[in-house]
Amino acid sequence: MIIVGLTGGIGSGKTTVAKMFSALGVPVYIADDEAKKLMRTSKVIKRKLIALFGENVYVNGDLNKPFIANIIFNNEQVLQEMNAIVHPRVASHFEKWANKQTSAYVIKEVAILFENGGHKACDYVIAVTAPKQLRIERLLVRDNSSEEKIEAIMKNQWTDAEKVKLSQFVIENVDIEKTRNQVTAVHAEILKKLSKS
Ligand code: ATP
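Residues numbered from 1 in each chain as written. Predicted model: local features only at pLDDT ≥ 70, side-chain atom pairs only at ≥ 80, totals over all residues.

(A) Structural context of helix α1 (residues 14-23). Among all positions in α1, only Lys14, Val17, Ala18, Met20 and Phe21 are buried. Along the axis of α1, the buried positions cluster into a sector of 155 degrees, meaning they face one direction only. Looking at the buried positions of α1, the neighbouring elements they touch are β1 (3-8), β2 (28-30), β5 (106-109), β6 (124-129), β7 (169-172) and α9 (176-196). Downstream of α1 by one or two residues, Gly25 has phi in the positive range, about 95 degrees. (Buried ≥ 20, exposed ≤ 12 C-beta atoms within 10 Å, placed from the backbone. Helix = DSSP H or I, 4+ residues; strand = E, 2+ residues; numbered from the N terminus. Arc of directions from axis to C-beta. Contact = placed C-beta atoms within 7 Å.)

Okay, here's the thing in structure tokens:
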């Protein structure tokens, strides 16, 4: 299966763009959502997370996100241990999912694709970009978050320029209609590339 990674910084509009590909009939796997689902449903992951964080990691069967965020904030070691539990299982879940699809290609949306080296497993990568200030404004509205928190997350992500350098396609997501046109064009270009190879 041909895998097209879709990435971009927080608030760039990855999910918005992913939905547009989905509307064109491309199967989309949103890795963060699937990870959260697996953290709630996989017995192995649950057992290991409880061993790492303690029983408070779940409240009535639901993931206690503020509790986890509190611990992993500024604790790189625990974050890595959590990733070591979750990432391999998301990877195999994705592989099974991808192998079931019958489309020309699939999209895998991952926020920190380059940061984690996931781009190496992709045939192509699409980077979604938007000016930093615009991203902050969107997130202030969407998440009711603080500028400080958003900046802290951005600090751990690559810059747009770094991502663009390693991507085969770039979608600048400012005006929504222009974004839709770019998605249609990128989709056509990927199909063309695939028909040649
Ligand atoms: P995250 O990394 O936090 O998951 P994301 O990159 O997936 O974010 P989205 O959730 O798609 O970003 O977009 C962030 C917010 O900005 C959402 O509320 C979305 O509706 C809005 N948004 C995205 N693109 C546009 C656009 N072109 N014009 C106006 N609003 C937009």
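(B) Seen up close, the pairing of β5. Here β5 shows a buried face lined by Val106 and Lys108 and a second buried face lined by Ile107 and Glu109. Of the pairings in the sheet, the one linking β1 to β5 comprises four bridges and is parallel in character. Residue pairing for β5: Ile3 is matched across the bridge by Val106. When β2 meets β5, the two strands line up parallel, connected through three bridges. Counterpart to Ile30 in the pairing with β5 is Glu109. (Pairing = 2+ DSSP bridges.)

(C) Quick look at the UniProt feature "binding site: ATP" (unreviewed entry) in the protein chain. If you check UniProt for "binding site: ATP" (unreviewed entry), the listed places come out as Gly11, Ser12, Gly13, Lys14, Thr15 and Thr16 in our numbering. You can see Gly11 is positioned in the loop between β1 and α1. A count of 24 C-beta atoms within 10 Å places Gly11 in the buried class. Sequence-distant contacts of Gly11, that is, excluding residues within four places in its chain, are made with Arg135, Ile136, Arg138 and Leu139. You can see Gly13 is positioned in the loop between β1 and α1. Excluding its chain neighbours within four sequence positions, the residues that come into contact with Gly13 are Gly8, Val128, Ala130, Asn173 and Thr179. (UniProt positions renumbered as here; feature names shortened; annotations may be inferred.)

(D) Broad picture of the domain arrangement of the protein chain. What the domain assignment reports for the protein chain is domain 1 (1-27 + 105-197) and domain 2 (32-100). Its C-alpha centre places domain 1 at a distance of 23 Å from the equivalent point of domain 2. Split by residue class, the side of domain 1 that touches domain 2 holds four nonpolar, no polar and one charged. (Domains from an automatic or database assignment. Nonpolar A, V, L, I, M, F, W, Y, C, P; charged D, E, K, R; others polar.)

(E) Representation of the site of the ligand in the model. In the vicinity of the ligand lie 15 residues, with Gly13, Lys14, Thr15, Thr16 and Arg138 positioned nearest. Listing elements by their share of the shell around the ligand, those giving two or more residues are α1, α6 (132-143) and α9. Taken together, the residues that form the shell around the ligand break down as four nonpolar, eight polar and three charged. (Near = placed C-beta within 6 Å.)

(F) Representation of the sheet that holds β1 within the structure. Strand order in the open sheet made by the five strands is β2-β5-β1-β6-β7, with parallel pairing throughout. Each end of this open sheet is capped by a strand with a single partner; those strands are β2 and β7. For this sheet the average axis-to-axis angle between neighbouring strands, irrespective of direction, equals 20 degrees. (Axes fitted to C-alpha atoms, helices over the stretch in contact; angles between N-to-C directions.)

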